[in-house]
Amino acid sequence: MNRLILCTYFFFFSAFAVAESTIIDTFIGSTLDTWEQKSFAAYTDYKITDLGLQATSESSASSLYKEVHIDLEKTPILNWSWRIDKKLDVADETIKQGDDFSARIYVIVKGKWGFWQTKSLIYVWSSHMTKFQFCESPYAGSSVVEIALRTQSDQLKHWYTEKRNVLADIKKHFGNDIRTIDAVAIMTDTDNTKGSALSYYKNLYFSDN
């Protein structure tokens, strides 16, 4: 075989082999039929628009969630884009009265023996925390960790694209024995502060790099 052809052959198939991803949802030209909604206090309005998934919250707290098995050793990187068109102004998100966020992305690990062993990482758009600051959930304690990726200093009506190594984050916060996740969720909530928020999400997927 010609050396150039052989090199091209191996380059093509090597590139193809390492490009692995699992699309959760693009929220563009799609529906929410594969998602379920869970309400904690009234319902946040989620709908597909030309911009992506629009979330409008008025003193509400409900999540969209999808059960999906992800092998983090194969695809550890969570990718998504989000924007905030209307921010919350929360003084302290680490207490129950302030546990509201304009945007959240959850990765969820189900407990082997019951719900009490469930663990979650939540990537949040924060009102008062600094970038990359994290805290335990004021409702669930150490089994749920909230990590601030965006803050009040980030722009309104501007798309930000995130890449987060979920396997590394789980190892940091929960230890070394978790290699898979069982669900993802999205939530825009304002029930504790009785505020309002408007957010958008799109292009949610896991990849190998």
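One can find the structure itself at the top, above this paragraph.
Attention in this report is confined to the structure presented alongside it. (Residues numbered from 1 in each chain as written. Predicted model: local features only at pLDDT ≥ 70, side-chain atom pairs only at ≥ 80, totals over all residues. Heavy atoms only, no water.)

## Thoughts on the nonpolar core
Proteins that are soluble and globular tend to have nonpolar side chains buried together.
Part 1: The biggest cluster of nonpolar side chains holds 47 residues, and the ones touching the most others in it are Leu78, Trp82, Ile170, Ile181, Ile186, Leu204 and Phe206.
Part 2: Here the element with the most residues in this core is strand S7 (residues 101-109); it accounts for seven residues. (Core = buried A, V, L, I, M, F, W, Y, C linked by side-chain atoms within 4.5 Å. Buried < 20%, exposed > 50% of the residue type's maximum accessible area, 1.4 Å probe, protein only. Helix = DSSP H or I, 4+ residues; strand = E, 2+ residues; numbered from the N terminus.)

## Observations concerning the pattern of salt bridges
Part 1: Under the counting rule described, the total for this entry stands at nine salt bridges.
Part 2: For the salt bridge of Glu162 with Arg150, the shortest nitrogen-to-oxygen distance reads 2.8 Å. Of this pair, Glu162 sits in strand S11 (residues 160-165) while Arg150 sits in strand S10 (residues 141-150), and the two are 12 residues apart along the sequence. Per residue, the accessibility class of Glu162 equals that of Arg150, and both read buried.
Part 3: Look at the salt bridges and you will find they share partners, linking Asp99, Arg104, Glu146 and Asp189 into a network. (Salt bridge = Lys/Arg side-chain N within 4 Å of Asp/Glu carboxyl O.)

## Section: the pairing of strand S9 (residues 134-137)
Part 1: Relative to S10, S9 runs antiparallel, the two sharing four bridges. Along S10, the bridge assignment pairs Glu136 with Val145.
Part 2: Here S9 hands over to S10 after three residues, the two strands then running antiparallel side by side. (Pairing = 2+ DSSP bridges.)

## Considering the sheet that holds strand S5 (residues 61-71)
Part 1: Here we have seven strands laid out as an open sheet, ordered S2-S5-S12-S7-S8-S10-S9, and mixed in their pairing. The open sheet terminates on both sides in strands that have one partner only, identified here as strand S2 (36-41) and S9. Between one strand axis and the next, the sheet turns through 30° on average, direction left out of account.
Part 2: Here strand S8 (residues 119-125) pairs with S10 via six bridges, running parallel. Residue pairing across strands places Leu121 opposite Val145, the latter belonging to S10.
Part 3: On top of the sheet, helix H2 (residues 166-174) reaches S7, S8, S9, S10 and strand S12 (180-189); it is set at about 115° to S8, its chief contact. (Axes fitted to C-alpha atoms, helices over the stretch in contact; angles between N-to-C directions. Contact = heavy atoms within 4.5 Å.)

## A word on the side chain of Ser127
Part 1: Tracing the backbone through its elements, the reader meets Ser127 in the loop between S8 and S9.
Part 2: A relative accessible area of 13% means that Ser127 is categorised as buried.

## Observations regarding the packing of aromatic side chains
Part 1: Going through the model one piece at a time under the given rule, you end up with five aromatic pairs.
Part 2: Here the aromatic rings of Trp80 and Trp82 are separated by 5.3 Å at their centres, their planes lie at 85°, and the arrangement is edge-to-face.
Part 3: The rings of Trp80, Trp82, Tyr123, Trp125 and Tyr160 are connected pair by pair, giving a single aromatic cluster.
Part 4: The positively charged end of Lys202 is found above the aromatic ring belonging to Trp159, 4.3 Å away from the centroid. (Phe/Tyr/Trp six-rings, centres within 6.5 Å; stacked < 30°, edge-to-face > 60°. Lys NZ or Arg CZ within 6 Å of the ring centre and 35° of its normal.)

## Looking at the layout of surface pockets
Part 1: The volume enclosed by the largest pocket comes to roughly 710 Å³.
Part 2: Every residue lining the largest pocket is counted, 26 residues in all, and those nearest its centre are Phe40, Ser63, Tyr106, Ser120 and Met187.
Part 3: Only S2, S5, S7, S8, S10 and S12 provide two or more residues apiece to the lining of the largest pocket.
Part 4: A breakdown of the residues in the lining of the largest pocket according to their chemical character gives 12 nonpolar, five polar and nine charged. (1 Å grid on protein atoms, 1.4 Å probe; cavity = no way out; pocket = protein on both sides within 12 Å on 5 of 7 lines; lining within 4 Å. Points joined across faces, edges and corners; volume = space filled by probe spheres on them. Nonpolar A, V, L, I, M, F, W, Y, C, P; charged D, E, K, R; others polar.)

## Let's talk about unusual backbone geometry
Part 1: Even without being glycine, Lys194 reaches a positive phi, approximately 60°.
Part 2: Along the polypeptide, Lys194 turns up in the loop between S12 and strand S13 (196-207).
Part 3: For Asn203, which is not glycine, the phi dihedral falls at a positive 50°.
Part 4: Along the chain, Asn203 falls in strand S13.
Part 5: For Asn203, a relative accessible area of 29% translates into the label partly exposed.

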